[in-house]
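# Coordinate inspection notes
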Amino acid sequence: MEYLRSHERNRKPFIRLVGIVAAVFLAATACSSGGSENNNSSSENANAKAPGKTANTATFALPPNTVPNWIWPFSPIADFSVANISNLQQLMYRPLYWFGNDGKAEVNDSLSLAAQPTYSDDGKTITIKLKDYKWSDDTPVTSTDVMFWFNMAKAEKANYAAYVPGQFPDNIVSATTPDAKTIVLTSDKVYSQQWMLYNQLSQISPMPPAWDMTSATAKGDCATNVSGCAAVYTYMVSQSKDLPTYATNPLWQVVNGPWTLKSFNSDGHLTFVPNTKYSGPVKATLKEFIEVPFTTDAAEFNVLRGASTIDVGYIPTQDLASPRPANTTPDVAGPNPLSANYTMAPWNLYGINYFPINYNNPTVGPIFKQLYFRQALQSVVDQEGILTSAAKNYGFQTTGPVPLFPPSPLISSIETQNPYPFNISAAAKYLTDNGWTVTPGKAATCTKPGTAAGECGADVKSGQALNFTLQYASGTQTITTAMESMKSNAAQAGIILNIVPAPFNTVTGTAIPCSGATCTWEMGNWGGGWVYAPDYYPTGETLFQTGAGSNSGSYSNPAIDKLIMASTTESGTAVMQAYENALAKDVPVIWQPNYTYSLTMIANGLKGVTPQNPYASITPEAWHY
């Protein structure tokens, strides 16, 4: 996912090497144990009647104020979200490799369209063998469909959110299709095989021949010719923007996943029906899968309490009478006030939570480029306080690029100790030590401009004030409380934050990489940071490398770039910890609590929903009564 973005909120608006490295990764990312992700059920009262049981349907509550709005599985950064990838695209269009297996953060061989890749002796040649899948129009999924995606990624990489300069597809010097089931890729050098699978090949979503069009009647040739992709891209984008036709446009009816779209409303009401031609191992038994929107978590909870229409929803943390017991891990559920009708299952994702700041803003960007300022701003984030109070202990802190839960060998002591704990006095001192005059409750001003020690830094002007606009995703009380807390804390250190609520899609559409006079956004918090998908191993190239497609704030540090590159070619924990330690200290973004993605409420009687996918994907084809 996503940014997927892979980003969302609580319901949080949201990535095979053999031997020791594989063992380290699995230990690093395993979230839970149990039976098959597709067949296990939540613990429920077998005699209970779920709302959709009689009609054999399941209704799923979307995160508050967050609705799908991009159907094509080739997304620009503004539309690279959990809402679009997990709740729309993946239900119909399966990626080459599926991640999330029995609740663990690993590749799922049974749900992947291809077998795991094999490598030549020199490590540069990668061979992929497709399984026997078909599109719903009865044409097979072939190597040409993979090349269609690959060619599109080469031609339109500037428009693809997961693109990182120098990496996929730039690092592939040759791509051939010896037969309809085989793809052979040759890389420019030897990479970690684990990284290649988890962070490069993981991005591929085969595209059907039906999409290789330049208009409704004119056939394109992007699948076989990179130069033919621009016209196809223009047409596909135009169709992706036409939301009212999603359920009727013939383009979107050709699927290889377990579902097809029956109806779509741009307000977030979606209905899926089973794809009767689905080739995968788990076929839907529900008659319909329905998604419904809510503007706020409170509105959703009002419906959930009635237990009349929602089969899988979420309970807002502010509506919990009791917190999760303090001495338990984030995957443990506390008291459930709706236990008569629902089972509560905390859904923690393998990701980090943060919000970006715009380094390219022509006015305040020079301030953001000063490490001392980022240290000060990070020091006014009371993560522990927010988790304890507003989040009712559901979640864990973010202190760097590697998630602190579940426990893993990848987590360094620097992250564990938190280099910038909440400390308003420390925040003020970072500023006063570097040329700012601080008066609590007022915007600090630069009184010692210049680049020498103790001065404000390059391009920071005399008299410039620490007064910023922070747009954040509305609809979730926990996020609102966190923003109000940060605003209050920051003001005491001389940093004025003007917090402005806005819909999730507005925030993600605003906080994007930009440059020049129109690059005026300052801070943007969509509430959930990043789920490591479709880059599933937390090496950071998609987020923090210079020029990366999902590097929202245009952060750039050549030393970090080198450490990221090393993590893509070397194996083991040492190289990862060197990268995460440097990045945690450099504060490229503002870390914030990693709230439990969803306190999922599953109707008693509905089976197959748990264990939940750590990358925010859903598999309602496995749900049944």
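Residues numbered from 1 in each chain as written. Predicted model: local features only at pLDDT ≥ 70, side-chain atom pairs only at ≥ 80, totals over all residues. Heavy atoms only, no water.

In terms of regular secondary structure, the protein is built from 16 helices and 24 strands. Computed over the C-alpha atoms, the radius of gyration of the protein is 24 Å, within 12% of the 25 Å expected from 2.2 N^0.38 for a compact globule of 625 residues. Principal axes of the C-alpha set define a box for the protein whose edges measure 70 × 60 × 50 Å. Each of the 625 residues in the protein was classed as buried or not, and the buried ones make up 61%. For the protein, the accessible area works out to roughly 20,300 Å², and carbon and sulfur atoms hold 54% of it. (Helix = DSSP H or I, 4+ residues; strand = E, 2+ residues; numbered from the N terminus. Rg over C-alpha atoms; globule rule 2.2 N^0.38 Å. Buried < 20%, exposed > 50% of the residue type's maximum accessible area, 1.4 Å probe, protein only. Areas by Shrake-Rupley, 256 points an atom, 1.4 Å probe, with all protein chains shown as cover.)

As a further point, take the packing of helix 8 (residues 371-378) against helix 11 (residues 424-432). Closest axis-to-axis distance for the helix 8/helix 11 pair is 8 Å, and the angle between their directions is 165 degrees. Of the possible angle classes, the one that applies to helix 8 and helix 11 is roughly antiparallel. The handedness of the crossing between helix 8 and helix 11 is left-handed. From helix 8, Tyr372, Phe373, Gln375 and Ala376 reach across to helix 11, where they touch Ala427, Tyr430 and Leu431. A breakdown of the residues in the contact of helix 8 with helix 11 according to their chemical character gives six nonpolar, one polar and no charged. (Axes fitted to C-alpha atoms, helices over the stretch in contact; angles between N-to-C directions. Parallel < 35°, antiparallel > 145°, perpendicular 65-115°, else oblique. Left-handed = near helix turned anticlockwise from the far one by under 90°. Contact = heavy atoms within 4.5 Å. Nonpolar A, V, L, I, M, F, W, Y, C, P; charged D, E, K, R; others polar.)

Turning our eyes to something else, we now look at the packing of helix 15 (residues 558-569) against helix 16 (residues 573-586). Interaxial distance between helix 15 and helix 16 falls to 9 Å at its minimum, and their mutual angle equals 155 degrees. When the axis of helix 15 is compared with that of helix 16, the two are roughly antiparallel. For the pair helix 15 and helix 16, the crossing hand works out as left-handed. Touching Ile560, Leu563, Ile564, Ala566 and Ser567 of helix 15 are Val575, Met576, Ala578, Tyr579, Ala582 and Leu583, all from helix 16. Looking at side-chain class alone, the contact of helix 15 with helix 16 contains 10 nonpolar, one polar and no charged residues.

With 12 residues, helix 5 (residues 229-240) ought to run about 16 Å at 1.5 Å a step, and its terminal C-alpha atoms sit 16 Å apart, in line with that. Those residues of helix 5 lying buried are Cys229, Val232, Tyr233, Tyr235, Met236, Val237, Gln239 and Ser240. Looking at the buried positions of helix 5, the neighbouring elements they touch are helix 3 (143-155). (Expected span 1.5 Å × (residues − 1).)

Its 13 residues place the ends of helix 3 18 Å apart at the C-alpha level, agreeing with the 18 Å of an ideal helix rising 1.5 Å per residue. For helix 3, the tally of buried residues reaches 10 of 13 residues, placing the bulk of the element in the interior. Taken residue by residue, helix 3 has Ser143, Asp145, Val146, Met147, Phe148, Trp149, Phe150, Asn151, Met152 and Ala153 as its buried positions. For helix 3, the secondary structure elements touched by its buried residues are strand 6 (172-179), strand 7 (182-187) and helix 5.

What follows concerns the sheet that holds strand 4 (residues 118-119). Taken together, the four strands give an open sheet; going across it, the order is 4-5-7-6, and neighbouring strands pair in antiparallel fashion. At either end of the open sheet lies a strand with only one pairing partner, and these are strand 4 and strand 6. As paired strands, strand 6 and strand 7 are joined by five bridges and run antiparallel to one another. By the bridge assignment for strand 7, threonine 176 is matched with valine 184. Against the sheet, helix 3 engages strand 6 and strand 7, with an angle of about 160 degrees to strand 6. (Pairing = 2+ DSSP bridges.)

Mapping aspartate 561 onto the fold places it in helix 15. It turns out aspartate 561 is buried and unbridged, and the closest side chain with the opposite charge, lysine 562, is 9.4 Å from it. With sequence-adjacent residues up to four places away left out, aspartate 561 is seen in contact with Phe544, Gln545 and Thr546. (Lys, Arg positive; Asp, Glu negative; His and termini not counted. Salt bridge = Lys/Arg side-chain N within 4 Å of Asp/Glu carboxyl O.)

This paragraph deals with the pattern of salt bridges. Pairs can form between side chains of opposite charge once their charged atoms are near each other. Scanning all chains against the criterion turns up eight salt bridges. Close ionic contact of aspartate 138 with lysine 277 constitutes a salt bridge, the shortest N to O distance being 3.3 Å. In this pair, aspartate 138 sits in the loop between strand 5 (125-129) and helix 3 while lysine 277 sits in the loop between strand 9 (270-274) and strand 10 (288-292), placing the two residues 139 residues apart along the sequence. On the accessibility criterion, aspartate 138 (43% relative accessible area) is partly exposed.

On to the state of the cysteines, then. Throughout the structure, instances matching the rule amount to three disulfides. Paired through a disulfide, cysteine 446 and cysteine 456 show a sulfur-sulfur distance of 2.1 Å. Judged by the sign of its S-S torsion, about 115 degrees, the cystine formed by cysteine 446 and cysteine 456 is right-handed. Of the two residues, cysteine 446 sits in strand 17 (residues 445-446) while cysteine 456 sits in the loop between strand 17 and strand 18 (467-473), which places them 10 residues apart along the sequence. Between the sulfur of cysteine 514 and that of cysteine 519 lies a disulfide, 1.9 Å long from S to S. In this structure the cystine formed by cysteine 514 and cysteine 519 twists about its S-S bond by roughly 65 degrees; its chirality is therefore right-handed. Note on cysteine 514: relative accessible area 22%, which makes it partly exposed. In the protein, numbering the disulfide-bonded cysteines from first to last in sequence yields the connectivity 1-2, 3-4, 5-6. (Disulfide = S-S within 2.5 Å.)

Turning our eyes to something else, we now look at unusual backbone geometry. Along the chain, phenylalanine 405 connects to proline 406 via a cis peptide bond; the corresponding omega equals 0 degrees. For proline 406, the location among the structural elements is in the loop between strand 15 (395-396) and helix 10 (413-417). With omega at -5 degrees, the peptide bond leading from threonine 610 into proline 611 counts as cis. Along the chain, proline 611 turns up in the segment after strand 24 (598-603).

What follows deals with the sheet that holds strand 19 (residues 496-502). The strand order across the open sheet built from three strands is 19-18-20, with neighbouring strands paired in parallel fashion. Bordering the open sheet on either side are strand 19 and strand 20 (523-525), each of which pairs with just one other strand. Neighbouring strand axes in the sheet, compared pairwise and without regard to direction, differ in orientation by 25 degrees on average. Running over the sheet, helix 12 (residues 477-492) touches strand 18, strand 19 and strand 20 and is turned about 165 degrees from strand 19.

Next up on the list: the pairing of strand 1 (residues 57-61). Within strand 1, five of the five residues are buried, which leaves it mostly tucked inside the rest of the structure. Summarising the sheet, strand 1 and strand 10 pair through five bridges and their orientation is parallel. The residue bridging alanine 61 from the neighbouring strand is valine 292, located in strand 10.

We now examine the packing of aromatic side chains. In the structure shown here, the tally under the stated rule is 36 aromatic pairs. Residues tryptophan 149 and phenylalanine 168 carry aromatic rings whose centres are separated by 6.1 Å and whose planes lie at 25 degrees to one another, so their mutual orientation is stacked. Within this pair, whereas tryptophan 149 is found in helix 3, its partner phenylalanine 168 is found in the loop between helix 3 and strand 6, the two being separated by 19 residues in sequence. Centroid distance tyrosine 354 to tryptophan 526: 5.9 Å. Interplanar angle 80 degrees. Geometry classified as edge-to-face. Note that tyrosine 354 is positioned in strand 14 (residues 354-355) and tryptophan 526 in the loop between strand 20 and strand 21 (530-531), a separation of 172 residues in sequence. Tryptophan 526 gets classed as buried once you look at its relative accessible area, which sits at 0%. Aromatic rings pair up to connect Trp72, Phe74, Phe80, Trp149, Phe150, Tyr160, Phe168, Tyr233 and Trp530 into one cluster. Directly above the aromatic system of tryptophan 98 lies the positively charged group of arginine 94, at a separation of 4.3 Å from the ring centroid. (Phe/Tyr/Trp six-rings, centres within 6.5 Å; stacked < 30°, edge-to-face > 60°. Lys NZ or Arg CZ within 6 Å of the ring centre and 35° of its normal.)

Keep in mind these values describe shape, not function.
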